[in-house]
Amino acid sequence: DAGITQSPRHKVTETGTPVTLRCHQTENHRYMYWYRQDPGHGLRLIHYSYGVKDTDKGEVSDGYSVSRSKTEDFLLTLESATSSQTSVYFCAISDPTSSYNEQFFGPGTRLTVL
Amino acid sequence: AQSVTQPDIHITVSEGASLELRCNYSYGATPYLFWYVQSPGQGLQLLLKYFSGDTLVQGIKGFEAEFKRSQSSFNLRKPSVHWSDAAEYFCAVGTGNTPLVFGKGTRLSVIA
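Below is a short write-up of the structure. (Residues numbered from 1 in each chain as written. Chains lettered and ligands numbered in written order. Predicted model: local features only at pLDDT ≥ 70, side-chain atom pairs only at ≥ 80, totals over all residues. Heavy atoms only, no water.)

A look at the side chain of histidine 47 of chain A
Residue and element names in this part refer to chain A. Looking at the secondary structure, you find histidine 47 in strand E5 (residues 42–51). Overall, histidine 47 belongs to the buried group, its relative accessible area being 6%. Among residues more than four places away in sequence, those in contact with histidine 47 are Tyr33, Trp34, Asp56, Lys57, Gly58, Ser61, Tyr64, Ser65, Val66 and Phe74. (Helix = DSSP H or I, 4+ residues; strand = E, 2+ residues; numbered from the N terminus. Buried < 20%, exposed > 50% of the residue type's maximum accessible area, 1.4 Å probe, protein only. Contact = heavy atoms within 4.5 Å.)

Here is the structure:
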(Lines give C-alpha, C1' and ligand atoms only; values in the text may rest on other atoms or scores of the structure.)
Protein backbone atom coordinates (compact mmCIF):
# COMPACT_ATOMS: atom_id res chain seq x y z
CA ASP A 1 0.00 0.00 0.00
CA ALA A 2 1.14 3.51 -0.77
CA GLY A 3 2.38 5.36 2.31
CA ILE A 4 -0.38 7.92 2.72
CA THR A 5 -1.80 9.01 6.03
CA GLN A 6 -4.54 11.51 6.76
CA SER A 7 -5.16 13.29 10.03
CA PRO A 8 -7.43 13.54 11.79
CA ARG A 9 -9.44 10.53 10.69
CA HIS A 10 -12.62 11.87 12.24
CA LYS A 11 -13.55 15.39 13.26
CA VAL A 12 -16.69 17.10 14.49
CA THR A 13 -16.69 20.87 14.47
CA GLU A 14 -19.10 23.77 14.59
CA THR A 15 -20.18 26.11 11.84
CA GLY A 16 -17.83 29.05 11.44
CA THR A 17 -14.73 27.44 12.91
CA PRO A 18 -11.55 26.92 10.89
CA VAL A 19 -10.50 23.36 10.14
CA THR A 20 -7.26 22.00 8.70
CA LEU A 21 -6.88 18.49 7.35
CA ARG A 22 -3.46 17.04 6.76
CA CYS A 23 -2.25 14.57 4.17
CA HIS A 24 1.21 13.07 4.60
CA GLN A 25 3.00 10.78 2.15
CA THR A 26 6.22 8.83 2.31
CA GLU A 27 6.39 7.99 -1.43
CA ASN A 28 8.01 11.25 -2.57
CA HIS A 29 5.36 11.59 -5.30
CA ARG A 30 5.18 15.04 -6.84
CA TYR A 31 1.44 15.28 -7.40
CA MET A 32 -1.09 15.43 -4.58
CA TYR A 33 -4.87 15.90 -4.61
CA TRP A 34 -7.80 16.57 -2.31
CA TYR A 35 -11.23 15.14 -3.11
CA ARG A 36 -14.50 15.12 -1.27
CA GLN A 37 -16.94 12.22 -1.44
CA ASP A 38 -20.66 12.67 -1.01
CA PRO A 39 -23.53 10.25 -1.68
CA GLY A 40 -24.73 10.56 -5.26
CA HIS A 41 -21.77 12.69 -6.31
CA GLY A 42 -18.87 10.27 -6.31
CA LEU A 43 -15.49 11.95 -5.84
CA ARG A 44 -15.09 15.60 -6.69
CA LEU A 45 -11.75 17.35 -6.94
CA ILE A 46 -11.21 20.25 -4.54
CA HIS A 47 -7.59 21.28 -5.12
CA TYR A 48 -4.44 19.68 -6.38
CA SER A 49 -0.72 20.28 -6.35
CA TYR A 50 1.94 19.60 -8.96
CA GLY A 51 4.77 20.33 -6.56
CA VAL A 52 5.88 22.41 -3.61
CA LYS A 53 4.07 25.76 -3.62
CA ASP A 54 2.38 24.82 -6.93
CA THR A 55 -1.36 24.36 -6.45
CA ASP A 56 -4.49 24.74 -8.54
CA LYS A 57 -8.25 24.67 -8.09
CA GLY A 58 -10.56 21.78 -8.82
CA GLU A 59 -14.26 21.78 -9.57
CA VAL A 60 -15.46 22.40 -5.98
CA SER A 61 -12.79 24.72 -4.56
CA ASP A 62 -15.03 27.45 -3.10
CA GLY A 63 -14.61 27.66 0.67
CA TYR A 64 -11.34 25.71 0.66
CA SER A 65 -7.68 26.62 0.51
CA VAL A 66 -4.55 24.47 0.37
CA SER A 67 -0.88 24.74 1.07
CA ARG A 68 2.12 22.63 0.22
CA SER A 69 5.40 23.75 1.74
CA LYS A 70 7.03 20.29 1.64
CA THR A 71 6.79 17.45 -0.86
CA GLU A 72 5.35 15.11 1.74
CA ASP A 73 2.58 17.30 3.18
CA PHE A 74 -0.56 18.75 1.60
CA LEU A 75 -2.89 20.70 3.87
CA LEU A 76 -6.56 21.43 3.21
CA THR A 77 -8.10 24.32 5.14
CA LEU A 78 -11.72 25.24 5.58
CA GLU A 79 -11.46 28.88 6.65
CA SER A 80 -14.97 28.97 8.11
CA ALA A 81 -16.65 25.59 8.06
CA THR A 82 -20.26 25.29 6.89
CA SER A 83 -22.69 22.39 7.15
CA SER A 84 -22.42 21.85 3.38
CA GLN A 85 -18.78 20.89 3.93
CA THR A 86 -19.78 17.86 5.97
CA SER A 87 -18.23 15.10 3.89
CA VAL A 88 -15.54 12.46 3.66
CA TYR A 89 -12.28 13.93 2.41
CA PHE A 90 -9.70 11.87 0.55
CA CYS A 91 -6.15 12.70 -0.27
CA ALA A 92 -4.45 11.09 -3.25
CA ILE A 93 -0.94 11.06 -4.67
CA SER A 94 0.55 10.20 -8.03
CA ASP A 95 3.92 9.99 -9.71
CA PRO A 96 3.89 11.80 -13.07
CA THR A 97 7.00 9.91 -14.20
CA SER A 98 5.15 6.59 -14.03
CA SER A 99 3.52 5.15 -17.15
CA TYR A 100 -0.05 5.81 -16.06
CA ASN A 101 0.29 8.49 -13.37
CA GLU A 102 -2.34 6.51 -11.47
CA GLN A 103 -3.59 7.92 -8.22
CA PHE A 104 -3.27 6.24 -4.82
CA PHE A 105 -5.61 7.18 -2.05
CA GLY A 106 -5.38 7.73 1.66
CA PRO A 107 -7.86 6.29 4.18
CA GLY A 108 -10.02 9.42 4.34
CA THR A 109 -11.15 11.93 6.94
CA ARG A 110 -14.79 12.06 7.99
CA LEU A 111 -15.71 15.67 8.80
CA THR A 112 -18.99 16.66 10.41
CA VAL A 113 -19.90 20.34 10.66
CA LEU A 114 -22.72 21.02 13.10
CA ALA B 1 -13.82 18.23 -20.98
CA GLN B 2 -13.57 14.69 -19.75
CA SER B 3 -16.56 12.98 -18.17
CA VAL B 4 -17.44 9.53 -16.93
CA THR B 5 -20.87 7.93 -16.70
CA GLN B 6 -21.65 4.88 -14.65
CA PRO B 7 -25.28 4.16 -15.56
CA ASP B 8 -26.01 1.79 -12.71
CA ILE B 9 -26.20 3.27 -9.22
CA HIS B 10 -26.77 -0.08 -7.50
CA ILE B 11 -26.48 -3.67 -8.69
CA THR B 12 -27.33 -6.84 -6.80
CA VAL B 13 -25.92 -10.19 -7.89
CA SER B 14 -25.96 -13.66 -6.42
CA GLU B 15 -22.74 -15.14 -5.13
CA GLY B 16 -21.11 -17.18 -7.89
CA ALA B 17 -22.88 -15.27 -10.67
CA SER B 18 -21.05 -13.21 -13.25
CA LEU B 19 -20.77 -9.46 -13.00
CA GLU B 20 -20.49 -6.59 -15.45
CA LEU B 21 -20.30 -2.96 -14.35
CA ARG B 22 -20.71 -0.37 -17.05
CA CYS B 23 -18.58 2.70 -17.65
CA ASN B 24 -18.81 5.18 -20.50
CA TYR B 25 -16.43 8.05 -20.93
CA SER B 26 -16.21 11.21 -22.95
CA TYR B 27 -12.78 12.38 -24.00
CA GLY B 28 -11.31 13.69 -27.24
CA ALA B 29 -8.12 11.69 -27.34
CA THR B 30 -7.15 8.24 -26.16
CA PRO B 31 -7.84 8.27 -22.45
CA TYR B 32 -6.15 6.66 -19.51
CA LEU B 33 -8.85 4.53 -17.87
CA PHE B 34 -9.05 3.13 -14.37
CA TRP B 35 -11.31 1.14 -12.11
CA TYR B 36 -11.16 1.56 -8.34
CA VAL B 37 -12.95 -0.30 -5.55
CA GLN B 38 -13.96 1.11 -2.19
CA SER B 39 -14.98 -1.13 0.69
CA PRO B 40 -17.15 0.45 3.41
CA GLY B 41 -15.17 2.92 5.51
CA GLN B 42 -12.05 2.51 3.41
CA GLY B 43 -10.14 4.47 0.83
CA LEU B 44 -10.07 3.64 -2.87
CA GLN B 45 -7.98 0.77 -4.16
CA LEU B 46 -6.84 0.54 -7.78
CA LEU B 47 -8.25 -2.56 -9.50
CA LEU B 48 -6.86 -2.10 -13.01
CA LYS B 49 -5.77 0.45 -15.58
CA TYR B 50 -5.59 0.86 -19.35
CA PHE B 51 -4.01 3.19 -21.85
CA SER B 52 -2.97 1.20 -24.86
CA GLY B 53 -2.27 -2.29 -26.10
CA ASP B 54 -4.49 -5.32 -25.56
CA THR B 55 -8.01 -4.03 -25.01
CA LEU B 56 -8.75 -6.71 -22.41
CA VAL B 57 -6.86 -5.94 -19.21
CA GLN B 58 -6.54 -8.06 -16.13
CA GLY B 59 -6.58 -6.63 -12.65
CA ILE B 60 -6.42 -7.73 -9.07
CA LYS B 61 -9.03 -9.84 -7.25
CA GLY B 62 -9.97 -11.67 -10.50
CA PHE B 63 -11.40 -8.61 -12.25
CA GLU B 64 -10.93 -7.71 -15.89
CA ALA B 65 -12.07 -4.84 -18.09
CA GLU B 66 -12.49 -4.39 -21.80
CA PHE B 67 -11.83 -1.16 -23.65
CA LYS B 68 -14.12 -0.56 -26.63
CA ARG B 69 -13.20 2.61 -28.45
CA SER B 70 -16.22 2.48 -30.77
CA GLN B 71 -18.55 2.50 -27.77
CA SER B 72 -16.43 4.76 -25.54
CA SER B 73 -16.77 2.10 -22.87
CA PHE B 74 -14.55 0.43 -20.31
CA ASN B 75 -16.74 -2.16 -18.61
CA LEU B 76 -15.57 -4.13 -15.60
CA ARG B 77 -16.26 -7.85 -15.40
CA LYS B 78 -15.80 -10.78 -13.09
CA PRO B 79 -16.83 -14.35 -13.99
CA SER B 80 -17.84 -15.42 -10.47
CA VAL B 81 -18.63 -12.95 -7.71
CA HIS B 82 -17.70 -13.60 -4.09
CA TRP B 83 -19.47 -12.08 -1.09
CA SER B 84 -16.29 -10.11 -0.33
CA ASP B 85 -16.71 -8.24 -3.64
CA ALA B 86 -19.57 -6.23 -2.16
CA ALA B 87 -18.30 -2.65 -2.34
CA GLU B 88 -18.57 0.51 -4.37
CA TYR B 89 -16.81 0.65 -7.73
CA PHE B 90 -15.59 3.77 -9.46
CA CYS B 91 -14.53 4.25 -13.05
CA ALA B 92 -12.13 7.12 -13.77
CA VAL B 93 -10.58 8.79 -16.80
CA GLY B 94 -7.45 10.87 -17.14
CA THR B 95 -4.95 12.22 -19.62
CA GLY B 96 -1.84 10.89 -17.92
CA ASN B 97 -0.87 14.31 -16.61
CA THR B 98 -4.03 15.77 -15.05
CA PRO B 99 -6.27 14.83 -12.12
CA LEU B 100 -8.60 11.92 -12.72
CA VAL B 101 -12.28 12.50 -13.32
CA PHE B 102 -14.45 9.95 -11.53
CA GLY B 103 -17.87 8.53 -12.22
CA LYS B 104 -20.46 8.63 -9.47
CA GLY B 105 -19.91 5.00 -8.62
CA THR B 106 -21.84 1.73 -8.68
CA ARG B 107 -22.68 0.02 -5.43
CA LEU B 108 -22.50 -3.77 -5.64
CA SER B 109 -24.47 -5.97 -3.28
CA VAL B 110 -23.93 -9.73 -3.21
CA ILE B 111 -26.63 -12.08 -1.99
CA ALA B 112 -26.34 -15.73 -1.06
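Let's talk about the state of the cysteines
All names here are of chain A. Inspection of the entire model under this criterion finds two disulfides over all chains. Note on cysteine connectivity: cysteine 23 is disulfide-linked to cysteine 91, with sulfurs 1.9 Å apart. A torsion of -70° about the S-S bond marks the disulfide between cysteine 23 and cysteine 91 as left-handed. With a gap of 68 residues between them, cysteine 23 in strand E3 (residues 19–25) and cysteine 91 in strand E9 (residues 87–94) connect regions that are remote in the sequence. (Disulfide = S-S within 2.5 Å.)

Notes on the pattern of salt bridges
Close approach of charged atoms allows side chains of opposite charge to pair. The full count for this structure, using the stated rule, is nine salt bridges over all chains. One salt bridge in this structure joins arginine 22 of chain B and aspartate 8 of chain B, with 2.9 Å as the shortest N-O distance. Note that arginine 22 of chain B is positioned in the loop between strand E3 (19–21) and strand E4 (24–26) and aspartate 8 of chain B in the loop between strand E1 (3–5) and strand E2 (10–14), a separation of 14 residues in sequence. Taking the relative accessible area as the measure of exposure, aspartate 8 of chain B reaches 18% and is therefore buried. Linking arginine 77 of chain B and glutamate 66 of chain B is a salt bridge whose minimum nitrogen-to-oxygen distance equals 3.0 Å. Note that arginine 77 of chain B is positioned in strand E9 (residues 73–78) and glutamate 66 of chain B in strand E8 (residues 64–68), a separation of 11 residues in sequence. You can call arginine 77 of chain B partly exposed: its relative accessible area is 23%. What emerges from the salt-bridge pattern is a single network uniting Arg22, Lys70 and Asp73 of chain A. (Salt bridge = Lys/Arg side-chain N within 4 Å of Asp/Glu carboxyl O.)

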